[in-house]
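Fold and geometry: a report
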Amino acid sequence: METRQIIDWEHAVKEKIESCKGKYGFPNAGDFGVTDEEVADYVYDKQRILDREDDRRKHLVVPGIILVMPVIILSGFGEGTAILLIGVLLGVVLMLSYFVLMRILDKNKLRKMIDPDIEKYLAEVEDFKE
C-alpha cells in the first residue's frame, strides 16, 4: 500500500531550498536581508492562513449552525412552509456572508504579513531552475 503525502506550498518551498542550497546561482537568503529562520517562519505562517479556507470547507460545523439557527428562531413565531423557506433563505444568506467575511479576513491577514524582502527571496527561489 503506497502512502501518498500531500505536498503543499510550504513543503514545496522548504524542500526546494534544502535541496538546492549551495548550488550555483541559487539565491541566498542573506543577500535579501533575511535569515533562513525568518523565511521558514514566514512560509509556515503564510501556509497556515492559506489552509484556513480549506479547513472551513471540510469542517462545516459553524456554517451548519449558521444555516439552521434562523429556521429554529423563526419557528418560534409560527408554523408553515413560508416561515421555513424564509428561515432557510436567511440561513443561506448568513452562511454565505460568513464565508465571504472569513475570506476577507484571511486576505487582510496575508496583506498585513507581507514582507517584501522575503517575498523577493521566495520569488527567486521559485524561479530557480535546477
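Just above sits the structure.
Residues numbered from 1 in each chain as written. Predicted model: local features only at pLDDT ≥ 70, side-chain atom pairs only at ≥ 80, totals over all residues. Heavy atoms only, no water.

**A short note on the overall build of the protein**
If you tally the helices and strands in the protein, you get five helices and zero strands. Ordered by position from N to C terminus, the α and β elements of the protein give α-α-α-α-α. In terms of its C-alpha atoms, the protein occupies a principal-axis envelope of roughly 75 × 45 × 20 Å. Buried positions account for 25% of the 130 residues belonging to the protein. Accessible surface, the protein as shown: approximately 9500 Å² in total, 61% of it carbon and sulfur. Where the 18 positive side-chain charges of the protein centre and where its 24 negative ones centre are 5 Å apart. (Helix = DSSP H or I, 4+ residues; strand = E, 2+ residues; numbered from the N terminus. Buried < 20%, exposed > 50% of the residue type's maximum accessible area, 1.4 Å probe, protein only. Areas by Shrake-Rupley, 256 points an atom, 1.4 Å probe, with all protein chains shown as cover. Lys, Arg positive; Asp, Glu negative; His and termini not counted. Charge placed at Lys NZ, Arg CZ, Asp CG, Glu CD.)

**Regarding the nonpolar core**
Across soluble globular proteins, nonpolar side chains show a tendency to be buried alongside one another. Within the largest apolar cluster, 14 residues are counted, with the highest numbers of intra-cluster contacts made by Ile17, Phe26, Val39, Ile118, Tyr121 and Leu122. Beyond its immediate chain neighbours, meaning those up to four positions away, Val39 contacts Ile17, Ala29, Val34, Ile118, Tyr121 and Leu122. (Core = buried A, V, L, I, M, F, W, Y, C linked by side-chain atoms within 4.5 Å. Contact = heavy atoms within 4.5 Å.)

**Examining the side chain of Lys46**
Within the secondary structure, Lys46 is located in helix 2 (residues 36–58). Not counting residues up to four positions away in its chain, the partners in contact with Lys46 are Trp9, Leu110, Met113 and Glu119.

**Digging into a negative patch on the surface**
A surface patch of like charges, here negative, comprises Glu37, Glu38, Asp41 and Asp45. One can find Asp45 in helix 2. (Patch = residues over 30% accessible without salt bridge, like charges linked within 9 Å, V, L, I, M, F, W, Y side chains within 5 Å. Salt bridge = Lys/Arg side-chain N within 4 Å of Asp/Glu carboxyl O.)

**Thoughts on the environment of Arg111**
Within the secondary structure layout, Arg111 lies in helix 4 (residues 81–113). The spacing of Arg111 and Val61 is 50 residues in sequence and 28 Å in space, taken between C-alpha atoms.

**Topic: a nonpolar patch on the surface**
A surface patch of nonpolar side chains, amounting to about 700 Å² of accessible area, comprises Val61, Ile65, Val68, Met69, Ile72, Ile73 and Phe77. As for its position among the elements, Ile65 is in helix 3 (residues 61–75).

**Examining helix 2**
Over its 23 residues, helix 2 extends 33 Å from the first C-alpha to the last, a length consistent with the 33 Å expected when each residue adds 1.5 Å. The axis of helix 2 is deflected most strongly, by about 30°, at Arg52. Of the residues making up helix 2, those classed as buried are Val39, Tyr42, Val43, Lys46, Gln47, Ile49 and Arg56. (Expected span 1.5 Å × (residues − 1). Bend = angle between axes of the 7 residues up to and from the residue.)

**Things to note about the pattern of salt bridges**
Any two side chains of opposite charge can pair, so long as their charged atoms come close to each other. Counted according to the given criterion, the structure contains seven salt bridges. In this structure, the salt-bridge partner of Lys46 is Glu119, at a minimum N-O distance of 2.9 Å. Of this pair, Lys46 sits in helix 2 while Glu119 sits in helix 5 (residues 116–127), and the two are 73 residues apart along the sequence. Under the relative-accessibility criterion, Lys46 is labelled buried at 15%. For Glu119, a relative accessible area of 22% puts it in the partly exposed group.

**Considering the packing of helix 1 (residues 9–20) against helix 2**
Close contact between helix 1 and helix 2 brings their axes to 9 Å; oriented N to C, the two are set at 160°. As summarised for this structure, helix 1 and helix 2 are arranged roughly antiparallel, according to the angle between their axes. In the crossing of helix 1 with helix 2, the sense of the turn from one axis to the other is right-handed. Judged by residue contacts, Trp9, Glu10, Val13, Lys14 and Ile17 of helix 1 engage Val39, Ala40, Val43, Tyr44, Lys46, Gln47, Arg48 and Leu50 from helix 2. Looking at the contact of helix 1 with helix 2 residue by residue, the classes come out as eight nonpolar, one polar and four charged. (Axes fitted to C-alpha atoms, helices over the stretch in contact; angles between N-to-C directions. Parallel < 35°, antiparallel > 145°, perpendicular 65-115°, else oblique. Left-handed = near helix turned anticlockwise from the far one by under 90°. Nonpolar A, V, L, I, M, F, W, Y, C, P; charged D, E, K, R; others polar.)

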